[in-house]
Amino acid sequence: MQIVIASTNPVKANAVKTAFSQLFPHRTLSFQAMPSQSGVAEQPMSMAETKQGAFNRVKFCQQQLPNADFYLAIEAGVERFDYGAATCAYVVISDKVRFAVGRSAELPIPDCVYNQLSAEMELGTVMDRLFQTENIKQKGGAMSLLTNGNASRESVYVQAVILTMAKFLNLSLFEQ
């Protein structure tokens, strides 16, 4: 089974590998992580923009490598909701014909962090400055920093990928 991951970020690639290995323990899996175009801001500032970025990445990969079994993108974004600012990621998975969409768990983020974000200023950069870390987005992410290491970006993404795959694991139910 050939799986194309629409990112070279090791956190996202490892999450996809872990999830698919759990879902298909007896299958031979081949993963290809590739850079992809989101067509949205570096830091998506709404859930609509975040979801669009994930769709765009999957479609880009489908055009580049048309013969894979699955294409998968994880796009993280932020938004200020009526209950406060938060970050989460959209997961979009395609098998060339169908699309499945899911979201990761949501992490509340402090207003002092959210207020520094913009289309060009990513959450990871702000968190690196605040916590004196380096390239946290390719490690535990804001998830790890704000939960004192009790959750990580990768662990949340593994869960989101597995849940999004429910559609492909039960196609007959979803296509009724």
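This structure is a prediction, so every number in the text was calculated from the model and none was measured. (Residues numbered from 1 in each chain as written. Predicted model: local features only at pLDDT ≥ 70, side-chain atom pairs only at ≥ 80, totals over all residues. Heavy atoms only, no water.)

Turning our eyes to something else, we now look at the UniProt feature "binding site: substrate" (unreviewed entry) in the chain. Summarizing the sequence annotation, UniProt attributes the feature "binding site: substrate" (unreviewed entry) to Ser7, Thr8, Asn9, Pro10, Val11 and Lys12 in the numbering used throughout. Here Ser7 lies in the loop between strand 1 (2-5) and helix 1 (10-23). Taking relative accessible area as the criterion, Ser7 reaches 12% and is therefore assigned buried. Beyond its immediate chain neighbours, meaning those up to four positions away, Ser7 contacts Lys12, Ala33, Met34 and Ser36. Within the element layout of this structure, Pro10 appears in helix 1. (UniProt positions renumbered as here; feature names shortened; annotations may be inferred. Helix = DSSP H or I, 4+ residues; strand = E, 2+ residues; numbered from the N terminus. Buried < 20%, exposed > 50% of the residue type's maximum accessible area, 1.4 Å probe, protein only. Contact = heavy atoms within 4.5 Å.)

Looking at the secondary structure, you find Glu122 in the loop between helix 3 (111-114) and helix 4 (123-131). Looking at Glu122, its side chain comes within polar contact range of the side chain of Lys137, at 2.9 Å. For Glu122, the residues in contact, after removing those within four places along its chain, are Glu42, Gln43, Leu117 and Lys137. (Polar contact = N/O pair within 3.5 Å; in protein donor to acceptor, adjacent residues only side chain to side chain.)

Before going further, it helps to examine the state of the cysteines. Put plainly, a disulfide is one covalent bond tying together the sulfur atoms of two cysteines. This model, assessed by the stated rule, comprises zero disulfides. A disulfide-free cysteine, Cys88 has its sulfur positioned 19 Å from the sulfur of Cys112, the nearest such atom. (Disulfide = S-S within 2.5 Å.)

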